[in-house]
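# Structure at a glance
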Amino acid sequence: MPTESSIPVITIDGPSGSGKGTISRMLARELGFHFLDSGALYRLLAFAAQRRGIALDDESALAALSGELDIRFPADGDGDRVLLDGEDVGDAIRTEAAGSGASRVAVLPAVREALLDRQRRFRLVPGLVADGRDMGTVVFPDADAKIFLTASAEERARRRCKQLNEKRILVKFEDVLADIQVRDERDASRSVAPLQPAQDADLLDTSELDIPATIERLRDLVNNRLNP
Ligand code: DC
């Protein structure tokens, strides 16, 4: 049985819309690794709290709730499926409202602490690709490769609009951009685990890169770290 730290982890952090979700899923599939979508945990928590009438600033109730949630990411699905108490809430947690709720609960230190173990339990053989904001800085500081993906706020808003429009959710570019800017500010300025690259992270700006080009660059960065 390997010790926890001998199981390879690749962390991919960055702001929403930097392409993290798509890119890290593809990388996990390519390597045959497990995948942790840590943002989904914050989204699920905010979503479950709203359902149960718990205020999004009630730190102790939210921390307690995070330990109780029955969350599963079915391995057979298309990647977007997430089961909360057996119910598929994959679409419901990916709305803009759920995203802002997630960003609000994510500022609370007791919530972040309560979710730490849950996230580390995803580190299973043969390896893990972990997507989030603090994967390389807090959750897996001993990761084998740490990538920080960025893109301009405008480019991220454009991508987000396209994604939502494809799901027939109609949104205005200005609203999405404003929301991204508010969320960036909140994520970057919170006192616990703010969004910032780990000191030993490789930075990759995807503003001018499409998905295949990003994956190619990522593959090189990861290979250089795993086989120095
Ligand atoms: O990646 P995402 O958009 O699904 O994340 C939703 C929110 O959760 C985001 O505003 C910040 C927060 N989050 C976090 O604080 N730490 C993480 N590791 C992942 C997400």
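For the structure itself, look to the data block above.
Described in the following lines is the structure provided in the data block. (Residues numbered from 1 in each chain as written. Predicted model: local features only at pLDDT ≥ 70, side-chain atom pairs only at ≥ 80, totals over all residues. Heavy atoms only, no water.)

### Observations regarding the overall build of the chain
In plain terms, the rule: Helix and strand definitions here come from DSSP, where helices need a minimum of 4 consecutive H or I residues and strands a minimum of 2 consecutive E residues; each element is numbered from the N-terminal end. Only the C-alpha atoms count toward the radius of gyration. The rule for a globule is 2.2 Å times the residue count to the power 0.38. Note on classification: 1.4 Å probe, protein chains only; a residue is buried when its accessible area is under 20% of the maximum for its type, exposed when over 50%, partly exposed between these limits. By the convention used here, residues are in contact when the closest approach between their heavy atoms is within 4.5 Å. Computed with a 1.4 Å probe, the accessible areas rest on the Shrake-Rupley method; for each residue, only the protein chains presented here act as cover. His residues and chain termini do not enter the charge count, which takes Lys and Arg as positive and Asp and Glu as negative. Charged groups are reduced to one reference atom each: NZ for lysine, CZ for arginine, CG for aspartic acid, CD for glutamic acid.
Looking only at helices and strands, the chain features nine helices and eight strands. Taken over the C-alpha trace, the chain has a radius of gyration of 17 Å; the compact-globule value for 228 residues is 17 Å, and the two agree within 12%. In terms of overall dimensions, the chain has a C-alpha envelope of 50 × 45 × 35 Å along the principal axes. When each of the 228 residues of the chain is scored for burial, the buried share is 47%. Nonlocal contacts in the chain, meaning residues at least 24 apart in sequence, comprise 72% of its contacts between residues at least 6 apart. About 11,200 Å² of surface is accessible on the chain, with carbon and sulfur atoms providing 51% of the total. Here the chain carries 31 positive and 39 negative side-chain charges, and the mean point of each set is 2 Å from the other.

### Brief notes about the site of the ligand
The test is simple: Throughout, near means a residue has at least one heavy atom within 4 Å of the molecule or strand. Here a polar contact means two N or O atoms within 3.5 Å. Within protein one must be a hydrogen donor candidate and the other an acceptor candidate, and residues neighboring in sequence count only if both atoms are side-chain atoms.
Taken together, 17 residues lie near the ligand, and Arg 43, Arg 112, Arg 133, Asp 134 and Arg 190 sit nearest. Contacts to the ligand include Arg 112, whose side-chain N or O atom sits 2.8 Å from an oxygen atom. One of the side-chain N or O atoms of Asp 134 is found 2.9 Å from a nitrogen atom in the ligand. Protein chains shield 95% of the accessible area of the ligand, which is 450 Å² for the free molecule. Listing elements by their share of the shell around the ligand, those giving two or more residues are α2 (38–52), α4 (96–105) and α8 (173–189).

### A short note on the pattern of salt bridges
Two side chains with opposite charge may pair up if their charged atoms get near one another. Put simply, the test is: Should a side-chain nitrogen of Lys or Arg be within 4 Å of a carboxyl oxygen of Asp or Glu, the pair is scored as a salt bridge.
If you walk through the whole model with that rule in mind, you get 18 salt bridges. Measuring nitrogen to oxygen at the nearest pair gives 3.5 Å for the salt bridge that ties Glu 68 to Arg 52. You can see Glu 68 sitting in helix α3 (residues 59–68) and its partner Arg 52 sitting in helix α2, a full 16 residues away along the chain. Residue classification places Glu 68 among the exposed residues on the basis of a relative accessible area of 51%.

### Points about empty space enclosed by the protein
Going by this rule: Lining residues are defined by having an atom within 4 Å of a point belonging to a cavity or pocket. Those points lie on a 1 Å grid over the protein atoms alone, cavities being sets where a 1.4 Å probe fits but cannot get out and pockets being open sets with protein on both sides within 12 Å along at least five of seven lines. Grid points are joined across faces, edges and corners, and a volume is the space filled by probe spheres set on the points. Polarity classes work like this: nonpolar for Ala, Val, Leu, Ile, Met, Phe, Trp, Tyr, Cys and Pro, charged for Asp, Glu, Lys and Arg, and polar for all others, with Gly in that last group.
Summed over the entire model, instances satisfying the criterion amount to one cavity of 30 Å³ or more. Ser 16, Gly 17, Glu 96, Arg 156, Arg 160, Ile 180 and Arg 183 are the residues that line the largest cavity. Of all the elements in the fold, those that place two or more residues in the lining of the largest cavity are α7 (153–166) and α8. Its residues assigned to classes, the lining of the largest cavity comprises one nonpolar, two polar and four charged.

### Observations concerning the packing of aromatic side chains
Threshold: Aromatic rings from Phe, Tyr and Trp, taking only the six-membered ring of Trp, are treated as a pair when their centres fall within 6.5 Å; an angle between ring planes under 30 degrees marks them as stacked, one over 60 as edge-to-face, and anything in between as tilted.
With the rule as written, the count across this model stands at one aromatic pair. When the centroid spacing of 5.9 Å and the interplanar angle of 65 degrees are considered together, the rings of Phe 73 and Phe 122 count as edge-to-face. On the criterion of sequence distance, the pair formed by Phe 73 in the loop between β3 (71–72) and β4 (83–84) and Phe 122 in the loop between α5 (109–120) and β6 (128–132) is long-range, its members being 49 residues apart.

### Re the sheet that holds strand β2 (residues 34–37)
This is how it is decided: Pairing between strands requires that DSSP locate at least two bridges from one strand to the other. The axes used here are C-alpha line fits, helices contributing only the stretch in contact, and every angle between their N-to-C directions lies in the interval 0 to 180 degrees.
One open sheet holds the five strands; their spatial order is β2-β6-β1-β7-β8, and the pairing between them is parallel. Two strands close off the open sheet at either side, each with one partner strand: β2 and β8 (202–205). Sheet twist, expressed as the average angle between the axes of neighbouring strands with direction ignored, equals 20 degrees. Both strand β7 (residues 145–150) and β8 contribute to a ladder of four bridges, which runs parallel. Note on β8: the bridge partner recorded for Phe 148 is Leu 203. Contacts from helix α1 (residues 20–31) reach β1 (9–13), β2, β6 and β7 within the one sheet, and its direction differs from that of β6 by about 175 degrees.

### As for unusual backbone geometry
Here the bond from Val 125 into Pro 126 is cis, since omega is 5 degrees, no more than 30 degrees from zero. Note on placement: Pro 126 falls in the loop between α5 and β6. Although it is not a glycine, Asp 85 adopts a positive phi angle of roughly 50 degrees. Structurally, Asp 85 is set in the loop between β4 and β5 (87–88). The backbone of Arg 168 sits at a positive phi, close to 65 degrees, despite the residue not being glycine. Of note, Arg 168 is situated in the loop between α7 and α8.

That is the geometry; function is a separate question.
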